[in-house]
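Below, each chain spelled out in residue letters.
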Amino acid sequence: MTTSGPLLPAAPGLLFEAEGLTKHYGPNPILQDVGFAVPRNKVVSFVGENGAGKSTLFNILSGIVAPDAGRMRIGGVAYQPRDYGEATRRGVARVFQEQSLILNVPVYENLLIGQEARFARLGQVLDRPAMIAAAERIIDDAGLDVDVRRRTGDYDFSKRQSIEIARACLAGIHLAAIDEPVVLLDEPTSALDRRDEEAFFRLVAKIRARGSLLFVSHRLTEVLDVSDVIYVLKDGRLVAELAPGGTSEADLHGYMVGRERAADYYYERRQRVLAPAAPVVLQARALAREGAFEPIDLAVRAGEIVGIGGLLDSGKSALGKAVAGVDPPTSGTVSLDGGPDAQPDIGRFVRQGLGYVPAERMAEGLIADASVAWNISLASGADLFSNILGVWRRRREIAIAEHYVRSLAIRSAAADVRAARLSGGNQQKAVLARWLCREPKVLVLDNPTRGVDAGAKEEIYRLVRDLADKGVAILLITDELLELIGLANRIIVLQRGRRVAEVPAPASAKPTERELVALMLPQSGRADGVPGPAVADPVDPNEPELAR
Amino acid sequence: MSVEADTLSPPARHPLRLPRLDKSLWLPIAVVAVLIAFFSATTDSFATLRNFTAISGQAGALLIVCLGGTFVILMGSIDLSVGAIVLFVAAASVKLLNLTGVGGGVLFVAAGIGLLLGLFNGVIYAYGRIPSFVATLGTLSIFSGLALQILEGRAIQFDLPGFEEIAIGQLVPRLPNIALCALVAWALAVLIATRTRFGRYMYLIGGGETVARTAGIPVRRYKIYAFALSGLLTGIGAILMVARLGAAGPSIGQELLLNSLAAIVVGGTSLAGGVGGPHRTLIGVLIIAILDNGLNLLGVTQYSQMIVKGVVVIAAVLVSRERILGAIVK
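Small disclaimer: the values here were computed from a predicted structure and weren't measured. (Residues numbered from 1 in each chain as written. Chains lettered and ligands numbered in written order. Predicted model: local features only at pLDDT ≥ 70, side-chain atom pairs only at ≥ 80, totals over all residues. Heavy atoms only, no water.)

## Brief notes about the packing of aromatic side chains
(1) Moving on: Taken as a whole and assessed by the stated rule, the structure comprises 19 aromatic pairs over all chains.
(2) Moving on: Measuring from ring centre to ring centre gives 5.5 Å for W374 of chain A and Y203 of chain B, while their planes differ by 75 degrees; the resulting arrangement is edge-to-face. On the criterion of chain membership, the pair formed by W374 of chain A in helix α12 (residues 372-377) and Y203 of chain B in helix α11 (residues 197-207) is interchain, its members lying in two chains.
(3) Moving on: Overall, the relative accessible area of 9% leaves Y203 of chain B in the buried class.
(4) Moving on: Here the aromatic rings of Y222 of chain B and Y225 of chain B are separated by 5.0 Å at their centres, their planes lie at 75 degrees, and the arrangement is edge-to-face. Of the two residues, Y222 of chain B and Y225 of chain B both sit in helix α13 (residues 219-245), three residues apart, roughly one turn of that helix.
(5) Moving on: Y225 of chain B gets classed as partly exposed once you look at its relative accessible area, which sits at 39%. (Phe/Tyr/Trp six-rings, centres within 6.5 Å; stacked < 30°, edge-to-face > 60°. Helix = DSSP H or I, 4+ residues; strand = E, 2+ residues; numbered from the N terminus. Buried < 20%, exposed > 50% of the residue type's maximum accessible area, 1.4 Å probe, protein only.)

Here it is in C-alpha cells:
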C-alpha cells in the first residue's frame, strides 16, 4: 500500500519532505507543525536542547512512532510507515543513539540482519559464504578495517558504532536495491574516537553522493562542519532554518534556547568562590566498580558543585550510583559529613542527609501512578512523615507537598494529581522536592534536566545555585556539556571508567566545550579494537592554563 | 462502623487517594448487588437470615487469609503457599491441643507458627532473590508435605470442649465469631494500609520497586514484613477454621489458594502491584462467598463451580486491565 500514494509533482531535487508533523504525549505537545524538505545529496541537521523533540521527530521518520497529524513524502511518493521494517524497505535507515548490535554473533550477521531471506537456499539453509562476501563489500565500501567473521563483541564500542553506521548507510544500497537512501544519524559521533571519526566523515561524504542524511548531534562544531542545511528545534517547533556558512555556534545556541546564551543562564555570577576552610562533606576513597569504573577518589566540599563529565561509556552514571550507595561499589568507601569511611548504602545515607536524583526518571525517579504528594514524601517515610509507631502523618504530608507545589511552581494545581499527568519538568521538580524537604547536606544529581523544557531547566539551575548557597555539596553528573561547564566549580572528566582530568571552572574562567570534549575522547588511535593508552594526563587542578 | 464509612466514601476524606480508584470500586459493589438479586430470585433459601449467617461464617476465614495476601499482592508479589500454611498450622495446632495442655493458648501458638512460616517465605524471597511465585510454590510443597506427615494422612479431631465457640459462637447475634474476628481484622488492615508507614511502603514498592529502592526505602525488609504478616493472618485464619470444623484434615485449606487470589483480584487489587488495597478485598471475598453459597443452593456441581470461579478470576483481571489501559491511553 505504501507505494500507492498519490504521485505529486515531485519537486526535482527534493528527496524527502515533511509537513505539519505534530505529536502529543498525554497533555504535552512534543512536536508542533514541523515541516521541512531534504534536497538530494545533502546533509540536513537538526539541533535543539534535550526535550526539544529531536528524538520524537526521528522516531516518526523511522516509523517507530505515528504522528498525530502531518504528511511525509519520499521522492514525491507518500510515506507513512507503520513500523521500522517498512521504513527500512522504503529506504529510510537509522543509526540509534543506543547501539542495537547483537554482541555474540559475527559481524556479518549484524550487517545483514533482517536481510537473511536474500541468502536462503532451499527455504531455510543460509548461504554463509555469500553472506560473508556481501558483508565484506559493505565493510570495504565503508572503508573500515573489520573482519566480518569475528564476533561483534570483540570490537570496542567505537568500532561497533562504525559498523552500525555502515550497516544503516550501505546495507540498503548493496542489498535492497535502494538507490537513494535517507539515513538518519542520531548522535552518531558521541561514542567515536578520533580515528573512527575520520572514517565516519568519509562515510558521510560517500552517502551524500548517493542519497541524503539527516543528522542530530549536540556537538555544534561538528554540525556546522558537515551540514548543508541546519534546522533548529525548540520546544517541539522548528524555529530556524540556517545555512552553515555565516552561522556560528553562538548563533545556533541562541536559537536553541531562544536567546543568546547569556552568562547567567547557568547563574554563573552566583557561583561561589569557596573558602579554603569549607569542610569536605562528601569524601569517596578508592571507589571502584568492576566493569564500570576504576578506583576513584572524590571530595566535594560544602557549597561546592563538582561536575562529572564523560562519554556514554565513561561510567559516570555508575559512579554516581556507587557514591550514593544505590548500586554498591565493588570496593572503596564513602564518608558523609565527616562520618566514618564505609561501604556506601543509600538507606543509611538518606538518613544522614544525602539525596540522589537518578537519570532515568520514569524507571528510577518517579512512581507515575502515585500522586505528586506521595512522590514527594517517598524518601522520608521513616522520619518526616511517620511517627515512632509507624503511623503516617497525612496532614504534614499534604502541607509539605502543597508547599513545594507552590514554591517550585509545579504546575499540577494540586498535590493529589497523578505524577504521570505532569510534564517532564514538573515531574523533575517533584523529584527534587522529595530531597529538598529533607534539607540535605549532599545531593547527587544525575542528568537533573534530562527531558526537561527550557523554562523548567532554568528554574532547576536556579534551585541548584540556591542549594549551593545554603552549603549543600552537589555532585553533578550530566551529558550536557554546557550545563556541566556552566554549573560546576570544577569538572572531573572520566574516560572509559578512568579519571583522566580535573578542570577548574571558576565563574571568571570557564573551560570551553571544545577543551572538555578533547579530554573526554581517547586521543590516540588504537589498533583494531584494543584500547590504547589514554594520552590526556590528569590535569593539576591548580594549573590555570587549561581553564583558559 | 466508622472505618467502613471512611473507606467507602474516600473522595472527601482522602485528598491523596486517586479518584480513578474510587470510581472503579463501584463495579465490584455492583457485582455483589447483582449476585444477591440473582440468587434471591432463583432460590428460596438464599435470602434468609439463616443463610446470611452461614455465608458470613464461610467468608470469615477466607477474609482473614485474604487480608495478608492483599498486602503481598499490593507489593507486586504473590503468596501461593497460603493454603499450605493453613494445612500446616491446622495440623500442628490440633496435635498440640491433643498432646499438651495449651488449651486456648493454641490461638497464639497458631498465630506464631503462621508468622514463622511467613517469615521463612519472605527470607527466601527477599534474600534468595527468587521470584515470589517460585519461592512460595516451593514452600507450598514443603509445608503441605510436613503437614500431611503430622496428620499421617488422616483427619484429626481436637478434644477441647467448647473450643469451637471461638468460631461459631455468636457474641453478636446472627454473626458468627469467626466473621466478627474477620471484620475486626479487616478494619485493622484498612487502617494499616491507609494510615501507616508499612501500608504506604506496600503501595510504593508495588508501584515502583526500583524507585523505592533508589530513594533509600529498605525494600527487602518490608518484603519480609509483608510475607510475615500474611503468614500471621493465615495462621489465625487456620485455627479459626479448625475450631469451626472441629478437626483438621488433609483437605483443609485446599480451595484457599484459588479462592483467596480470586477474592483479592476480583476486589480490584492489581496483580501488577501498587493499586487496590484491603478495603476492596472485603468486597472480593463477598463476591466469592456469595457465588459459592448461591451455586450450592442452585445445585450446581462442585466441578462446574470450579469452572465458574476460574472464569470470574480471568474476567476480573481483564476488566481491571482494560481500566488501566484506558487511563494510560487517555
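## Remarks on the sheet that holds strand β3 (residues 43-47) of chain A
Residues and elements named next belong to chain A.
(1) Moving on: The sheet built from six strands is open, its strands ordered β6-β9-β10-β3-β11-β12 with mixed pairing. In this open sheet, the two edge strands, each paired with only one partner strand, are β6 (92-95) and β12 (237-242). Pairs of neighbouring strands in the sheet enclose a mean axial angle of 20 degrees, with direction left out of account.
(2) Moving on: With five bridges connecting them, strand β9 (residues 182-186) and strand β10 (residues 212-216) associate as parallel partners. If you follow L185 over to β10, its bridge partner there is F215.
(3) Moving on: Most of the contacts of helix α5 (residues 157-175) go to β6, to which it runs at about 175 degrees, and overall it touches β6 and β9. (Pairing = 2+ DSSP bridges. Axes fitted to C-alpha atoms, helices over the stretch in contact; angles between N-to-C directions. Contact = heavy atoms within 4.5 Å.)

## A word on the nonpolar core
(1) Moving on: The biggest cluster of nonpolar side chains holds 172 residues, and the ones touching the most others in it are L354 and L475 of chain A.
(2) Moving on: In terms of residue count, helix α5 (residues 49-74) of chain B provides more of this core than any other element does, 13 residues in total.
(3) Moving on: No fewer than three residues from each of domain 2 (264-353 + 440-547) and domain 3 (360-439) of chain A sit in this core.
(4) Moving on: Excluding residues within four positions of it along the chain, L475 of chain A makes contact with L282, L298, V300, V306, I308, V323, L443, V444 and L445 of chain A.
(5) Moving on: Ranked by size, the runner-up nonpolar core spans 49 residues in total, among them L111, I139, F215 and L252 of chain A. (Core = buried A, V, L, I, M, F, W, Y, C linked by side-chain atoms within 4.5 Å. Domains from an automatic or database assignment.)

## Some words on the interface of chain A and chain B
Accessible area lost upon the coming together of the parts is a frequently used measure of interface size.
(1) Moving on: The partner chain B presents 25 residues to the 33 residues of chain A that form the contact.
(2) Moving on: Contact with chain B buries area across many residues of chain A, yet W374, W392 and R394 of chain A alone supply 26% of it, more than any other trio.
(3) Moving on: Where chain A packs against chain B, one counts one salt bridge.
(4) Moving on: Between E397 of chain A and R200 of chain B there is a salt bridge; the shortest N-O distance is 2.5 Å.
(5) Moving on: Applying the counting criterion to the chain A and chain B interface returns six residue pairs in polar contact (both at pLDDT 80 or more). (Buried area = accessible area lost by both parts, 1.4 Å probe. Salt bridge = Lys/Arg side-chain N within 4 Å of Asp/Glu carboxyl O. Polar contact = N/O pair within 3.5 Å; in protein donor to acceptor, adjacent residues only side chain to side chain.)

## Things to note about the environment of M241 of chain B
(1) Moving on: As for its placement among the helices and strands, M241 of chain B is situated in helix α13.
(2) Moving on: When sequence neighbours within four positions are dropped, the list of residues in contact with M241 of chain B reads A61, V86, I178, I252, G253 and L256 of chain B.

## What to know about the UniProt feature "transmembrane region" (unreviewed entry) in chain B
All names here are of chain B.
(1) Moving on: The feature "transmembrane region" (unreviewed entry), as given by UniProt, occupies residues 25-49, 61-90, 96-120, 132-151, 171-193, 224-244, 256-275 and 282-300 in the numbering adopted here.
(2) Moving on: The straight-line gap between the two end C-alpha atoms of residues 171-193 is 27 Å; of that span, 74% is helix and 0% is strand.
(3) Moving on: Annotated as residues 282-300, this span is 89% helix and 0% strand, and its ends, taken at the C-alpha atoms, are 25 Å apart. (UniProt positions renumbered as here; feature names shortened; annotations may be inferred.)

## A short note on the pairing of strand β13 (residues 280-289) of chain A
Residues and elements named next belong to chain A.
(1) Moving on: Here β13 pairs with strand β14 (residues 293-301) via six bridges, running antiparallel. Of the residues in β14, the one forming a bridge with L287 is I296.
(2) Moving on: Here β13 folds back onto β14, and the loop between the two strands holds three residues, one of which, G291, carries a positive phi near 80 degrees.
(3) Moving on: Here β13 runs beside strand β16 (residues 331-336); their pairing, made up of five bridges, is antiparallel. Each bridged residue has a counterpart across the sheet, and for A288 the counterpart in β16 is S331.

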